[in-house]
Amino acid sequence: MSKIVRFEALAERLVEGTFARLFAGQVSPFEVATHLTRAMEDHQVVSPDGKPQAPTHYWVYLPPNDCDALAIAQPALEEELAHHVVELATQANLELAISPAVQVLSDPEMGAHEVRVEARWLPQEAPSMEKTRELQPESDETETEVEAEVEDIVPRGHPFLILDGRRHVNLLRATVAIGRALDNDVILEDPRVSRHHAQLRRRYGRYVLYDLGSSRGTKINGYPIEECVLHAGDVISFAGVQIIYSEDPPTPIPLPGAEDTPALPAQETGSG
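I will try to describe carefully the structure that is included in this document.

Rules and cut-offs
- Residues numbered from 1 in each chain as written.
- Predicted model: local features only at pLDDT ≥ 70, side-chain atom pairs only at ≥ 80, totals over all residues.
- Heavy atoms only, no water.
- Helix = DSSP H or I, 4+ residues; strand = E, 2+ residues; numbered from the N terminus.
- Buried < 20%, exposed > 50% of the residue type's maximum accessible area, 1.4 Å probe, protein only.
- Contact = heavy atoms within 4.5 Å.
- Areas by Shrake-Rupley, 256 points an atom, 1.4 Å probe, with all protein chains shown as cover.
- Pairing = 2+ DSSP bridges.
- Axes fitted to C-alpha atoms, helices over the stretch in contact; angles between N-to-C directions.
- Expected span 1.5 Å × (residues − 1).
- Salt bridge = Lys/Arg side-chain N within 4 Å of Asp/Glu carboxyl O.
- Core = buried A, V, L, I, M, F, W, Y, C linked by side-chain atoms within 4.5 Å.
- Polar contact = N/O pair within 3.5 Å; in protein donor to acceptor, adjacent residues only side chain to side chain.

**Here's the deal with the overall build of the chain**
Helices and strands together make up the secondary structure of the chain, namely 5 helices and 16 strands. Expressed as a percentage of its 272 residues, the buried residues of the chain come to 45%. Put simply, 61% of the contacts in the chain that link residues at least 6 apart link residues at least 24 apart. Surface exposure of the chain reaches about 14,000 Å², of which carbon and sulfur atoms provide 49%.

The structure is reproduced here in structure tokens:
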């Protein structure tokens with residue numbers, strides 16, 4: 001069996017199961033499966049005992065509109081994809097040294113419905129994907145080369161909030177709680193703000209803002225929301241208390257125009 005035929009056979013087998021439902025009509029499941037399969041095949045390594053090993057880390061790149069829609073529609077997509085990577089490795093007769101890690105990321109240079117997958121085999125002691133940007137050079141040459149390789153794949157950019165027009169709060173955690181109570185990560189000392197007003201959750205390299213059923217609601221750029229993907233420059237209003245979300249450098253906002261470009265998820269009306 002040729003390599004291309006093997007790719008297609010593995011991809012077809014993968015999309016016959018629950019894999020097909022993961023992408024909510026945003027991108028082709030077969031395209032994702034094909035790119036995932038090729039990345040796994042192209043970046044496999046051989047262990048000291050001569051057994052073929054599947055890559056341990058995967059980066060799935062999608063256009064911004066598709067990535068934004070999936071961040072809301074499929075919040076557990078990365079975990080689901082990791083499960084399917086295990087299934088795919090089994091079908092390909094490849095071993096996995098550790099549980100695979102998958103990250104779904106936005107690439108503004110990609111056209112509508114395009115898919116790109118990068119894969120690497122990283123040792124078990126390699127640093128986590130989320131903290132790659134903060135890595136410092138190590139004395140060990142091999143580890144430094146591995147870190148530099150990951151650094152090239154993980155997108156750069158530092159998201160932050162601007163409070164009171166002057167105070168910057170860097171967003172470093174996957175989940176950020178916002179509200180009046182003292183146990184929040186971002187405390188807004190204003191009686192209009194609910195004790196636990198909203199939450200930021202990082203999804204596929206972007207932050208999604210969720211209103212937590214606050215009494216006076218949350219707005220983005222003047223529109224009431226329950227959940228919405230944030231873009232650099234968005235003005236967030238928590239019951240009238242305004243905060244600006246920004247990034248350094250900013251993530252380009254996809255412009256409408258092409259008929260085949262999917263629209264962003266509809267913003268839902270927040271609770272009163």
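**Observations concerning the sheet that holds strand 16 (residues 241-248)**
Ordered in space as 7-6-16-15-12-13, the 6 strands form an open sheet in which the pairing is antiparallel. Every other strand in the sheet has two partners, leaving strand 7 (167-170) and strand 13 (223-225) as the edge strands with one partner each. Between one strand axis and the next, the sheet turns through 30° on average, direction left out of account. Both strand 6 (residues 158-163) and strand 16 contribute to a ladder of 6 bridges, which runs antiparallel. The residue bridging Leu161 from the neighbouring strand is Tyr245, located in strand 16.

**Focus: the pairing of strand 16**
As judged from the 4 bridges shared by strand 15 (residues 235-238) and strand 16, these two strands associate in the antiparallel manner. For Phe238, the partnering residue across the bridge sits in strand 16 and is Val241. A loop of 2 residues connects strand 15 with strand 16, the two strands running antiparallel in sequence, and Ala239 in this loop sits at a positive phi of about 55°.

**Here we look at helix 2 (residues 29-42)**
For helix 2, built from 14 residues, the straight-helix expectation of 20 Å at 1.5 Å per residue is met to within 8% by its first-to-last C-alpha distance of 20 Å. Listing the buried residues of helix 2 in full gives Val32, Ala33, Thr34, Leu36, Thr37, Ala39, Met40 and Glu41.

**Here's the deal with the pattern of salt bridges**
If you walk through the whole model with that rule in mind, you get 8 salt bridges. A salt bridge links Arg116 to Asp107; the nearest nitrogen and oxygen atoms lie 2.8 Å apart. Residue Asp107 is classed as buried on the basis of its relative accessible area, which comes to 11%. By sharing partners, the salt bridges in this structure join Asp107, Arg116, Glu118 and Arg120 into a single network.

**Looking at helix 4 (residues 77-91)**
With 15 residues, helix 4 extends 21 Å between its outermost C-alpha atoms, agreeing within 8% with the 21 Å of an ideal straight helix rising 1.5 Å per residue. Along helix 4, the positions that sit buried rather than exposed are Leu77, Glu78, Leu81, Ala82, His84, Val85, Leu88, Ala89 and Gln91. At the C-terminal side of helix 4, Asn93 shows a positive phi close to 60°.

**Digging into the sheet that holds strand 9 (residues 186-187)**
Sheet strands pair by backbone hydrogen bonding; their relative direction is either parallel or antiparallel. In space, the 5 strands of this open sheet follow the order 9-8-10-11-14, with mixed pairing throughout. Among the strands making up the open sheet, the edge pair consists of strand 9 and strand 14 (227-229). Where strand 8 (residues 175-179) meets strand 9, 2 bridges bridge the pair, whose relative direction is parallel. The residue of strand 9 that forms the bridge with Gly179 is Ile187.

**Looking at unusual backbone geometry**
Unusually for a residue other than glycine, Asn93 sits at a positive phi of about 60°. By the secondary structure assignment, Asn93 is in the loop between helix 4 and strand 4 (101-106). In this structure Asn93 comes out as exposed when scored by relative accessible area, which is 62%. Unusually for a residue other than glycine, His113 sits at a positive phi of about 70°.

**Focus on the nonpolar core**
Within the largest apolar cluster, 36 residues are counted, with the highest numbers of intra-cluster contacts made by Phe19, Phe23 and Leu81. Secondary structure elements with two or more residues in this core: helix 1 (3-15), helix 2, strand 3 (57-62), helix 3 (64-73), helix 4, strand 4, strand 5 (116-120) and strand 11 (206-211). At 6 residues, helix 4 tops the list of elements feeding residues into this core. Setting aside residues no more than four positions away along its own chain, Leu81 makes contact with Phe19, Leu22, Phe23, Val60, Val102 and Val104.

**Quick look at the side chain of Ser194**
Relative to the helices and strands, Ser194 is located in the loop between strand 9 and strand 10 (198-203). Take Ser194: its relative accessible area is 11%, and that puts it in the buried class. Within the structure, Ser194 has its side chain in polar contact with the backbone nitrogen of Ser215 (distance 3.1 Å). Dropping the residues within four chain positions of it, Ser194 is found in contact with Gly179, Arg180, Ser214 and Ser215.

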